[in-house]
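# An overview of the molecular structure
Chain by chain, the residues:
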There are 2 protein chains.
Amino acid sequence: MERIPPPVVKRFSYYLSCVDECVEEGKDWISSRDIAESIGITTSTVRYDISFLDVDGTRNGYRAVTLREALSKALGLDKGRKVVIVGAGNLGRALAQHEEFEECGFHICGIFDIDPSLVGKKVGRLKVRSMKSISAFLRKERPDIGVIAVPAESAQEAADILVEHGIGGILNMASTHIITPPTVPVVHARIVASMRELSCAIRLQRTEES
Amino acid sequence: MERIPPPVVKRFSYYLSCVDECVEEGKDWISSRDIAESIGITTSTVRYDISFLDVDGTRNGYRAVTLREALSKALGLDKGRKVVIVGAGNLGRALAQHEEFEECGFHICGIFDIDPSLVGKKVGRLKVRSMKSISAFLRKERPDIGVIAVPAESAQEAADILVEHGIGGILNMASTHIITPPTVPVVHARIVASMRELSCAIRLQRTEES
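None of the values given here were measured: they were computed from a predicted structure.

Residue and element names in this part refer to chain A. Looking at the secondary structure, you find Val119 in the loop between β4 (106-113) and β5 (122-123). Along the sequence, Val119 and Arg129 sit 10 residues apart, while their C-alpha atoms lie 5.2 Å from each other. Setting aside residues up to four positions removed in sequence, Val119 forms contacts with Asp113, Val128, Arg129 and Ser130.

As structure tokens, then:
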């Protein structure tokens, strides 16, 4: 696969959600303009990005199912991904039961916690397992993605265990940065960072109005 | 306040987390290099971004507490933000109890759901309220931020109610795009999008290795 620049990759994940919606609504075609307007970027950016895919546009735009397939493939979603969640607090439990994950090809195969009072509890179709058993689990199941949903002070330790057992990449939901070798990509999905970004946007908006 | 470009704002929220950590560790000074390395961007980007703030650098870098204050102010966090959550499913409940929010100046003032079986249930120090009472609540409490944690098909309706009652901005956790007037900023905090981004990074990594 051609090396796709990271910002393009990031946008692809948004395009895919947009194309998903179109297909659900029964639309056969989607234009770069449809995508651009739904996300709030320019049509030329959308066209540039899609040029990395092996997809032909027509006068009607792109065939929705074809574009969806190409985006899924570019995002490595065509084969599905096995996901393990570390941390069974509120956030971990919410993630384990987040229906959208399964729909999008992310199969949660296990959820772990260090707290004995949580171990054994049902979370959807899974049971919380003890951190003592995570090494054996990782060796056997070999998940692609590890989600870190533990307090900040335990995040690096959780990451180290995942890396040691050959995890493909980490989604970090903890409120701290974690360090991994360059071969193990990390995406920080920090909700507070989104809140802060929004907070500043509100401030700028109010400054303009006043 | 000078108009700060949105990508800079987004980075500020990451800088703030990084500076927070330094202060917690008892460090007095932080350099643009410290920030750059912790986030994985160039020092020149960090210096450019910080030039939007009224902060002087020295040979030792920036005084951590001063930088933290300036970043908080730029992000509109110095006064605190009132937050209302729409949707008391797993995700909504997790967010309502997410301790980091309070620590960072986001005060959750209410959580609402349409499901009568959830109304009245305790979520941390709050009780889930009925959507029937949200209009009166919004008029009285006037929250700054609305968090949408409802299923995709109800997200736009939830956004419309918030906008109608003068919400400052929306954090959208739902798996769909929502439309608001240009005066109401929206940040999409879609976890599946982060998963997809990570998935592609893993794919690219494995392509390089093979």
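So much for the structure itself; the text now carries on.
Another aspect to go through is the interface of chain B and chain A. By a widely used convention, the size of an interface equals the accessible area lost when the partners come together. Tallying the contact residues gives 71 residues for chain B and 71 residues for chain A. Both faces considered, chain B and chain A share a buried interface measuring about 6,500 Å² in area, 63% of it formed by carbon and sulfur atoms. When the area that chain B buries against chain A is broken down by residue, the three leading residues are Met195, Arg196 and Arg203 of chain B, summing to 12%. Inspection of the region where chain B meets chain A yields two salt bridges. Asp20 of chain A is the salt-bridge partner of Arg196 of chain B, the closest N and O atoms lying 3.2 Å from each other. On the surface where chain B and chain A come into contact, there are 13 residue pairs in polar contact (both at pLDDT 80 or more). If one sorts the elements of the side of chain B that touches chain A by residue count, helix α9 (residues 191-209) of chain B sits on top with 19 residues. Residues belonging to the side of chain B that touches chain A are distributed by class as follows: 35 nonpolar, 18 polar and 18 charged.

Before going further, it helps to spend a moment on the sheet that holds strand β3 (residues 81-86) of chain B. Residue and element names in this part refer to chain B. Reading across from one edge, β5-β6-β4-β3-β7-β8-β9 is the order of the seven strands in this open sheet, with mixed pairing throughout. Strand pairing shows two members of the sheet lacking a second neighbour, β5 (122-123) and β9 (186-188), which therefore form its edges. Here β3 runs beside strand β4 (residues 106-113); their pairing, made up of six bridges, is parallel. Within the sheet, the bridge partner assigned to Val83 lies in β4 and is Ile108. In the packing of helix α8 (residues 152-164) onto the sheet, contacts are made with β3, β7 (145-148) and β8 (169-172), and the angle to β7 comes to roughly 170°.

Definitions and cut-offs
Residues numbered from 1 in each chain as written. Chains lettered and ligands numbered in written order. Predicted model: local features only at pLDDT ≥ 70, side-chain atom pairs only at ≥ 80, totals over all residues. Heavy atoms only, no water. Helix = DSSP H or I, 4+ residues; strand = E, 2+ residues; numbered from the N terminus. Contact = heavy atoms within 4.5 Å. Buried area = accessible area lost by both parts, 1.4 Å probe. Salt bridge = Lys/Arg side-chain N within 4 Å of Asp/Glu carboxyl O. Polar contact = N/O pair within 3.5 Å; in protein donor to acceptor, adjacent residues only side chain to side chain. Nonpolar A, V, L, I, M, F, W, Y, C, P; charged D, E, K, R; others polar. Pairing = 2+ DSSP bridges. Axes fitted to C-alpha atoms, helices over the stretch in contact; angles between N-to-C directions.

On their own, these measurements won't tell you what the molecule is for.
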